Amino acid sequence: MISGIEPGKLAAASADLGTLLPHWSALPFGGLLLSLAFFPLFAPKFWQRYYHLVVMFWGLLLAAPLLWFFGKPALHEIYHLILLDYIPFMILIMSLYTVAGGIYIKGSFKGTPLSNIFLLVIGTMIASWIGTTGASMLLIRPLIRSNAARKTKAHIIIFFIFLVSNIGGALTPLGDPPLFLGFLHGCPFFWTFNLLPITLFVSVCTLTVFFLLDLFYYLREKHHLPQGEQNVHVTINLHGGHNFLYLAGIIGAVLFSGIADLAQISILHTTIKIQNVIRDVLLVGLTILSLKTTSRHIRSENHFHWGPMKEVAIVFAAIFITILPVLIMLRGGSSGQLAFVTNSASDPWHYFWITGILSSFLDNAPTYLVFLSTALGNFVNGLPERAAIIKLIADHPLILQAIAAGAVFMGANTYIGNAPNFMVRAIAEENGIRMPSFFGYMAYSIVILAPIFILATLIFFT
């Protein structure tokens, strides 16, 4: 037991936790993730009613003994996680969700393969700039409305999740939660542009498969569609367009926090940069402006409500807490309690597939942090985190590219791989689209995405 340590020695004591924590301290994280995977599938009514109690149980199951046995160093790690990771993460997600929810696109698109692929291309292109959550919430309802007359349309939603809710978010820290967490930990904002070649390859391959499949279904049922549904119309009416200015403000605020180098403050023995505080204040301000200046009618047309944000906030709080021992043990590298994980990954393709497969089931944001910590432990152990990340990028650029690509792309493999996947599925089912089950969706991802990822591995990571 190492409680009662002086504040000045907290950092050193926290570093030692990687070798002191037992393996079983990772069990609450596993229990939480199994709950997220199977309760919605086998007990959906129970989960809808009591999910907050389930995730709180796993969080407390970890936090209580961790604080009891390790005292101040453990408390310091929790403070660090909440102040530097969880709060900024939730503020960004909330701002993108709120601002995108204030933009209502009403058009006369008809559900032809050309119209559908046009919307998917637009969504994939903007996902890196307004976030996979923002792009998904902005375009999913126009896509559903345009295909209202189609009989076979679940595949359209599935490819929307593949591209707009996941793959398209790979190019900036705004795009997907894993990359934003990487940015918070020291990855340069524009570093993710290195993923452009592989993102283009995976996107074009996926879009090609979608167009061929959608064309097949469309031609099969074309003669049963109303005559007006067989033509392409592109009349668009945009309501709440001023929210695009707020989206630009969000981009500017995040860019500012990555470029500026201001003073630092200390809160609860955690060093916080002033520019990050300014960023978060600006994001909250833009969120409030969007709520105040957007009519209720627009948000009503978009079916905007706080339920999804509430669930994400509660679930991710538990995820961030329960994943803490895993992160600490992995930071210990070959000396840590999870050295067998650290030692199992050495080449870029190892990181791509290990990070990706786990991101499919564990949620890609915390999984990214786990393997970022693994890579730092393997290649640049002993340096401060931000300096270690810069050195990793300089000396082993493909390693971090593989981790980022695996986390972002393979979050598309299951409904639980990324937060927008849940939201899109729920909206589709609210609109009467019968979506495949958890494992039915996985059948699509295995047949369609796995071969594309294998090709991407051979081209970019071997």
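In this text, all values refer to a predicted model and were calculated from it rather than measured experimentally.

**Student:** What am I meant to see in a nonpolar patch on the surface here?
**Tutor:** A cluster of nonpolar side chains, contributed by Ile265, Ile267, Leu268, Val277 and Val281, occupies part of the molecular surface with about 380 Å² of accessible area. Mapped onto the nonpolar patch, the elements with two or more residues apiece are strand S3 (264–267) and helix H9 (274–293). Within the secondary structure layout, Leu268 lies in the loop between S3 and strand S4 (270–273).

**Student:** I would appreciate a short explanation of the layout of surface pockets in the present structure.
**Tutor:** The probe, sized like a water molecule, is rolled over the atoms to show the empty space still left. Volume-wise, the second largest pocket comes out at about 1100 Å³. Considering the residues around the second largest pocket, the lining is formed by 38 residues, among which Trp47, Glu311, Phe422, Met423 and Ala426 are closest to the centre. For the lining of the second largest pocket, the secondary structure elements donating two or more residues are helix H2 (27–42), helix H3 (44–100), helix H4 (113–146), helix H11 (307–322), helix H14 (348–362) and helix H18 (419–430). Split into classes, the residues belonging to the lining of the second largest pocket amount to 24 nonpolar, 7 polar and 7 charged.

**Student:** For this particular structure, what's the right way to read the environment of Leu53?
**Tutor:** Examined against the element boundaries, Leu53 turns out to sit in helix H3. C-alpha of Leu53 to C-alpha of Pro348: the two residues are 295 residues apart in sequence and 39 Å apart in space.

**Student:** What am I meant to see in H18 here?
**Tutor:** Side chains that are three or four residues apart share a direction in an α-helix, a result of its 3.6 residues per turn. Taking 1.5 Å as the rise per residue, H18 with 12 residues should run 16 Å; its terminal C-alpha atoms sit 17 Å apart, in good agreement. Within H18 the residues assigned to the buried category are Ala419, Pro420, Asn421, Met423, Val424, Ile427 and Ala428. In this structure, the buried side of H18 is in contact with H3, H4, helix H5 (154–163) and H11. Immediately downstream of H18, the backbone of Gly432 shows phi near 85 degrees, a positive value.

**Student:** Hey, could you run me through the environment of Ile452 in this one?
**Tutor:** Looking at the secondary structure, you find Ile452 in helix H19 (residues 438–460). A relative accessible area of 6% means that Ile452 is categorised as buried. Each C-alpha atom, one on Ile452 and one on Cys205, is 6.9 Å from the other, the two residues being 247 residues apart in sequence. Non-local contacts of Ile452, meaning those with residues more than four positions away in its chain, are made with Phe201, Val202, Cys205 and Thr206.

**Student:** Is there a simple way to think about empty space enclosed by the protein in this case?
**Tutor:** Inspection of the entire model under this criterion finds 3 cavities of 30 Å³ or more. Reported here for the largest cavity is a volume of approximately 60 Å³. Taken together, Leu36, Ala37, Pro40, Leu41, Tyr415, Ile416, Phe422, Arg425 and Phe438 make up the full set of residues lining the largest cavity. Element by element, the count of residues in the lining of the largest cavity is highest for H2, at 4 residues. Considering only residue class, the lining of the largest cavity consists of 8 nonpolar, no polar and 1 charged.

**Student:** Looking at this structure, how should I read the pairing of S3?
**Tutor:** Look at any regular strand and the pattern is simple: side chains alternate between the two faces of the sheet. Two strands pair when backbone bridges link them, and S3 and S4 are joined in this way by 4 bridges, in the antiparallel orientation. If you follow Ser266 over to S4, its bridge partner there is Thr271. In textbook terms, the turn of a hairpin is the stretch between consecutive antiparallel strands, and for S3 and S4 this stretch comprises 2 residues, one of which, Leu268, has a positive phi near 55 degrees.

**Student:** It is not clear to me how the packing of aromatic side chains should be interpreted in this structure. Could you clarify?
**Tutor:** Any pair of aromatic rings gets described here by the distance separating the centres and the angle formed by the planes. As enumerated under the stated definition, the model contains 28 aromatic pairs in all. Here the aromatic rings of Phe89 and Phe316 are separated by 5.0 Å at their centres, their planes lie at 35 degrees, and the arrangement is tilted. Here Phe316 lies in helix H11 and Phe89 lies in helix H3, a separation of 227 residues in the sequence. Exposure class is identical for Phe89 and Phe316. Each is buried.

Criteria and cut-off values
- Residues numbered from 1 in each chain as written.
- Predicted model: local features only at pLDDT ≥ 70, side-chain atom pairs only at ≥ 80, totals over all residues.
- Heavy atoms only, no water.
- Patch = residues over 30% accessible without salt bridge, like charges linked within 9 Å, V, L, I, M, F, W, Y side chains within 5 Å.
- Areas by Shrake-Rupley, 256 points an atom, 1.4 Å probe, with all protein chains shown as cover.
- Salt bridge = Lys/Arg side-chain N within 4 Å of Asp/Glu carboxyl O.
- Helix = DSSP H or I, 4+ residues; strand = E, 2+ residues; numbered from the N terminus.
- 1 Å grid on protein atoms, 1.4 Å probe; cavity = no way out; pocket = protein on both sides within 12 Å on 5 of 7 lines; lining within 4 Å.
- Points joined across faces, edges and corners; volume = space filled by probe spheres on them.
- Nonpolar A, V, L, I, M, F, W, Y, C, P; charged D, E, K, R; others polar.
- Expected span 1.5 Å × (residues − 1).
- Buried < 20%, exposed > 50% of the residue type's maximum accessible area, 1.4 Å probe, protein only.
- Contact = heavy atoms within 4.5 Å.
- Pairing = 2+ DSSP bridges.
- Phe/Tyr/Trp six-rings, centres within 6.5 Å; stacked < 30°, edge-to-face > 60°.

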